[in-house]
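So the chains spell out like this:
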Amino acid sequence: MDGPVAPLSITARLLTAKMASTIPAPVLTTMTDELDISIGTERMMAMLAIFFAGCALFVTAIGLYGTLAYATARRTSEIGIRMAMGAQRGRVVGMVFRENALIAASGSVAGLLIALLASQALASFLYGTSAHNPWVLVGSVAVLTVIASTASLIPALRAARIEPIQALRME
């Protein structure tokens, strides 16, 4: 039956009251409402998983930025000497970015391998999806690559702004 439930519900209540007043009036719900009620817990768990995944991604980004910024800051005197010897700012940015990107790329490869191994153990918990969903794997690596690139670029740009005299005085 298509259409709104309200007219049918009103008619059923009136007929029930007229024919047998001792029987409680029927409660009518749509199949859509029943489905929403039956998967409410799963939907809430999925929303919580998405929320905590976002929190984990945020903490990962902060940790990655902190690690790469610290590693770059430790090399301040080296970068200052390179700048004093005539290195171009663009080349310094490229050098620091490449080194940080290599660290991030190796971490992504290691994480991808661990995810592939762990997905076999978690395959029984996945409903209607493959344990090796290529879109999920490619998407997660792409998001982490963007975060790692941003976390690498900010310390690299900061390193390129170092004045050679200040870097040598820190020594």
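Note that this is a predicted model, so its numbers are computed, not measured.

Quick notes on the overall build of the chain
The number of helices and strands found in the chain is 7 helices and 0 strands. Over its C-alpha atoms the chain spans a radius of gyration of 30 Å, topping by over 25% the 16 Å that the globule rule assigns to 171 residues. Oriented by its inertia axes, the alpha-carbon framework of the chain measures out at about 100 × 35 × 25 Å. By residue count, 18% of the 171 residues in the chain fall in the buried class. A total of about 12,600 Å² of accessible surface is found on the chain, and carbon and sulfur atoms cover 71% of it. Of the charged side chains in the chain, 12 are positive and 9 negative; the average position of the first set lies 14 Å away from that of the second.

Topic: the confidence of the model for the chain
Confidence along the chain averages 82 in pLDDT terms, with 95% of residues attaining 70 or more. The least confident element of the chain is helix 7 (residues 164-170), whose mean pLDDT is 73; the most confident is helix 3 (residues 40-73), at 90.

Considerations on helix 1 (residues 6-19)
Because an α-helix packs 3.6 residues into every turn, residues spaced three or four apart end up facing the same way. For helix 1, with 14 residues, the first-to-last C-alpha span of 20 Å sits near the 20 Å given by 1.5 Å per residue. All of the buried residues along helix 1 are Ser9, Ala12 and Thr16. Buried residues of helix 1, viewed axially, fall in a sector of 65°; they line one side. Looking at helix 1, the residues exposed on the side facing more than 90 degrees away from the buried face are Ile10, Leu14 and Lys18.

As for a nonpolar patch on the surface
On the surface, a cluster of nonpolar side chains totalling about 780 Å² of accessible area is made up of Met44, Met45, Met47, Leu48, Ile50, Phe51 and Phe52. Relative to the elements of secondary structure, Phe52 occurs in helix 3. The exposure class of Phe52 is exposed, given its relative accessible area of 52%.

A few points about the pattern of salt bridges
Across all of its chains, the model carries 5 salt bridges by this definition. Of the charged contacts, one joins Asp36 and Arg43 as a salt bridge, the two residues approaching to 3.7 Å between their closest N and O atoms. The exposure class of Asp36 is partly exposed, given its relative accessible area of 35%. On the basis of relative accessibility, which here comes to 43%, the residue Arg43 falls in the partly exposed class. Measuring nitrogen to oxygen at the nearest pair gives 3.0 Å for the salt bridge that ties Arg82 to Glu78. Residue Arg82 and its partner Glu78 are located together in helix 4 (residues 76-84), separated by 4 residues, close to a single helical turn. Classification of Arg82 by relative accessible area gives partly exposed; the value is 38%.

Some details on the nonpolar core
Here is a general trend for soluble globular proteins: nonpolar side chains tend to be buried in one another's company. Ile79, Met83, Val92, Val93, Met95, Val96, Ala156, Ala159, Ala160, Ile162 and Ala167 form the largest nonpolar core, which has 11 residues in total. Of all elements in the fold, only helix 4, helix 5 (89-122) and helix 6 (134-160) reach the threshold of two or more residues within this core. Considering every element that reaches this core, the biggest residue donor is helix 5, with 4 residues. What Met83 contacts, discounting residues up to four positions off in sequence, is Arg89, Val92, Ala160, Ile162 and Pro164.

Thoughts on the packing of aromatic side chains
Applying the stated rule across the entire model yields 1 aromatic pair. Note on Phe51 and Phe52: the rings are 5.3 Å apart at their centroids and 65° apart in plane angle, and the pair reads as edge-to-face.

A closer look at the packing of helix 4 against helix 5
Taken N-terminus to C-terminus, the directions of helix 4 and helix 5 make an angle of 150°; their axes are 10 Å apart at the nearest point. By the angle class used here, helix 4 and helix 5 are roughly antiparallel. The crossing of helix 4 and helix 5 is right-handed. Residues Glu78, Ile79, Arg82 and Met83 of helix 4 form the contact with helix 5, whose own contacting residues are Arg89, Val92, Met95 and Val96. Of the residues that constitute the contact of helix 4 with helix 5, the class distribution is 5 nonpolar, no polar and 3 charged.

What counts and what doesn't
Residues numbered from 1 in each chain as written. Predicted model: local features only at pLDDT ≥ 70, side-chain atom pairs only at ≥ 80, totals over all residues. Heavy atoms only, no water. Helix = DSSP H or I, 4+ residues; strand = E, 2+ residues; numbered from the N terminus. Rg over C-alpha atoms; globule rule 2.2 N^0.38 Å. Buried < 20%, exposed > 50% of the residue type's maximum accessible area, 1.4 Å probe, protein only. Areas by Shrake-Rupley, 256 points an atom, 1.4 Å probe, with all protein chains shown as cover. Lys, Arg positive; Asp, Glu negative; His and termini not counted. Charge placed at Lys NZ, Arg CZ, Asp CG, Glu CD. pLDDT = per-residue confidence, 0-100. Expected span 1.5 Å × (residues − 1). Arc of directions from axis to C-beta. Patch = residues over 30% accessible without salt bridge, like charges linked within 9 Å, V, L, I, M, F, W, Y side chains within 5 Å. Salt bridge = Lys/Arg side-chain N within 4 Å of Asp/Glu carboxyl O. Core = buried A, V, L, I, M, F, W, Y, C linked by side-chain atoms within 4.5 Å. Contact = heavy atoms within 4.5 Å. Phe/Tyr/Trp six-rings, centres within 6.5 Å; stacked < 30°, edge-to-face > 60°. Axes fitted to C-alpha atoms, helices over the stretch in contact; angles between N-to-C directions. Parallel < 35°, antiparallel > 145°, perpendicular 65-115°, else oblique. Left-handed = near helix turned anticlockwise from the far one by under 90°. Nonpolar A, V, L, I, M, F, W, Y, C, P; charged D, E, K, R; others polar.

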